[in-house]
Amino acid sequence: MQLVVPVNTYQSKSLSPLSLSPLVTKMAVSLSSSSSFLCFSSLLQNPNSSASKLQPLVSYRGPSGLQFHAAFLGYRGSRRQIGVRELCRNGRRSFICRASSLPEALLFDCDGVLVDTEKDGHRISFNETFQERGLGVSWDVELYGELLKIGGGKERMTAYFNKNGWPENAPKSEEERKEFIASLHKRKTKLFMALIEKKLLPLRPGVARLIDEALEKGVKVAVCSTSNEKAVSAIVSCLLGPKRAEVISIFAGDVVPRKKPDPAIYLLAASTLGVQPSRCVVVEDSAIGLAAAKAAGMKCIVTKSGYTAEEDFLSADAVFDCIGDPPEKRFDIGFCAELLEKQFVS
């Protein structure tokens, strides 16, 4: 629904909250100048929801001199932000204010997104494990890139041995081979965690900044990965720090029976966090991760990594080379909110 208000009707700098409808919670704005129209547009809300304390968020001054101070809309169960868009109609400037939301959750893949771990982290740890066990196997950079199309380290090893032959000292029965693979993966994880604890692999640019922006705005943050839970936890705690680690949820490893590109990990995260999949933004680096996010009904931003730069990301909502830090920042939490706005604004 919409309410159009000629600005010159209100000459005071303060305007009492307007009740747009019984179905819409009150808004509050401050105005100055005249000769423009302010158009309030809001999504219908639960008629039982009650307004909470309005907190100033942003200020906006248009070319006509109109000054606009946005505020949080307080709804039960969520926090909504007023966004501003400037239009020109019949030679006169007008401002449309749309009720847009920050994401309810920001979900990160781990390997390739938080840290570019694959080539000089996981691959090295796999090879050290193979060497320790005397398997006569070594994965070079190109081969490992192909194997990354298979989600999950245990699944990756199983597929490789099924195709290329099992080592002579590997067991013969299927059940024993599962235990063999699990033991290899356990050792590989320990070696990988040692690399992380030594901080030999840095966070990718912009990761810490974007997480901090989300947490400051009350957006839930989680890491959703096919990697072992201990390895993911090590990355989060060692590289993002214990303070962030306390508030970041982790969904990883065998917590779901099917790995990416199946959407199970993202659907589990949404359910556990108590958020709608359609209100989540995912940051991924691979085609299988992108497929998982989209199958879950979520928006997905791709930040390309060393192994995935040439993959097909046509279904992504946005693609960047990294998240980035100033002065080379690529996007922020506000951009994530804009992606969600596409669901409501044509």
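Before any of the text, the structure's been laid out above.
Computed from a predicted model, the values in this text were never measured in an experiment.

Definitions and limits used
In this convention, every chain numbers its residues from 1, walking through the sequence in written order. Totals for whole chains, interfaces and linings use every residue, but because this is a predicted model, local features are given only for residues with pLDDT of at least 70 and side-chain atom pairs only at 80 or more, for both listing and counting. Calculation of side-chain values draws on the structure's entire complement of heavy atoms; hydrogens and water are dropped beforehand. The distinction between a cavity and a pocket rests on a 1 Å grid over the protein atoms alone: a 1.4 Å probe fits inside a cavity but cannot get out, while a pocket stays open yet meets protein on both sides within 12 Å along at least five of seven lines, and a residue with an atom within 4 Å of a point counts as lining. Grid points are joined across faces, edges and corners, and a volume is the space filled by probe spheres set on the points. Helix and strand assignments follow DSSP, with helices taken as H or I runs no shorter than four residues and strands as E runs no shorter than two, numbered in order from the N terminus. All residues other than Ala, Val, Leu, Ile, Met, Phe, Trp, Tyr, Cys, Pro, Asp, Glu, Lys and Arg, Gly among them, are scored as polar; the first ten of these are nonpolar and the last four charged. Pairing of aromatic rings covers Phe, Tyr and the six-membered ring of Trp, with a centre-to-centre limit of 6.5 Å; geometry is then stacked below 30 degrees between planes, edge-to-face above 60, and tilted otherwise. Accessible area is worked out with a 1.4 Å probe on protein chains only. A residue is then buried under 20% of its type maximum, exposed over 50%, and partly exposed in between. The criterion for a charge sitting over a ring is simple: Lys NZ or Arg CZ within 6 Å of the ring centre, and within 35 degrees of the ring normal. Any two residues having at least one pair of non-hydrogen atoms within 4.5 Å are treated as being in contact. Within 3.5 Å is the distance limit for a polar contact, defined as a pair of N or O atoms, with the added protein rule that one can donate a hydrogen and the other accept it, and that residues adjacent in sequence qualify only through two side-chain atoms.

**Q** For this particular structure, what's the right way to read empty space enclosed by the protein?
**A** To find the voids left in a structure, one rolls a probe of water-molecule size over its atoms. Tallied over the entire structure, the rule returns two cavities of 30 Å³ or more. Size it by volume and the largest cavity reaches roughly 300 Å³. Those elements giving two or more residues to the lining of the largest cavity turn out to be helix H1 (118-132), helix H2 (141-147), helix H3 (153-164), helix H4 (174-197) and helix H9 (287-295). Looking at which element gives the most residues to the lining of the largest cavity, the answer is H1, with three residues. In the lining of the largest cavity, the residues fall into six nonpolar, 14 polar and nine charged. Counted as a void, the second largest cavity has a volume near 30 Å³. In terms of lining residues, the second largest cavity is bounded by Ser225, Thr226, Val256, Arg258, Lys259, Lys260, Asp262 and Ile265. Class assignment of the residues belonging to the lining of the second largest cavity gives a composition of two nonpolar, two polar and four charged.

**Q** Help me understand the packing of aromatic side chains in this model?
**A** Here the distance between the centres and the angle between the planes together describe a pair of aromatic rings. A complete count under the given rule lists 13 aromatic pairs for this structure. Both rings, one in phenylalanine 331 and one in phenylalanine 335, keep their centres 5.9 Å apart while their planes meet at 50 degrees; by these two values the pair is tilted. Classification of phenylalanine 331 by relative accessible area gives buried; the value is 2%. According to the relative accessible area criterion, phenylalanine 335 is partly exposed, its value standing at 22%. The structure contains a cluster of three or more aromatic residues connected by ring pairs, namely Phe126, Phe130, Trp139, Tyr144, Tyr160, Phe161, Trp166 and Tyr307. Here the guanidinium or amino end of lysine 188 rests over the ring plane of phenylalanine 126, the centre of that ring lying 4.8 Å away.

**Q** Hey, could you run me through helix H6 (residues 229-239) in this one?
**A** Every α-helix carries 3.6 residues per turn, so stepping three or four residues along brings you back to the same face. Those residues of H6 not exposed but buried are Ala231, Val232, Ala234, Ile235, Val236 and Leu239. Check the buried side of H6 and you find it contacts H4, strand S10 (220-225), helix H7 (242-245) and strand S11 (248-252). The opening residue of H6 is asparagine 228, an N-cap whose side-chain oxygen sits 2.7 Å from the backbone nitrogen of lysine 230.

**Q** Explain the side chain of glutamate 284 here, please?
**A** Locating glutamate 284 in the fold gives a position in strand S12 (residues 280-284). Assessed through its relative accessible area of 1%, glutamate 284 is described here as buried. In this structure the side chain of glutamate 284 is engaged in a polar contact, spanning 2.5 Å, whose partner is the side chain of tyrosine 266. Those residues in contact with glutamate 284 that lie beyond four places of it in its chain are Asp109, Val113, Lys260, Tyr266, Gly289, Leu290, Cys300, Ile301, Val302 and Thr303.

**Q** What am I meant to see in the environment of aspartate 262 here?
**A** By the element assignment, aspartate 262 lies in the loop between S11 and helix H8 (264-273). At 3.0 Å, the side chain of aspartate 262 forms a polar contact with the side chain of arginine 258.

Note that every value here comes from positions in space, so none of it alone points to a role or purpose.
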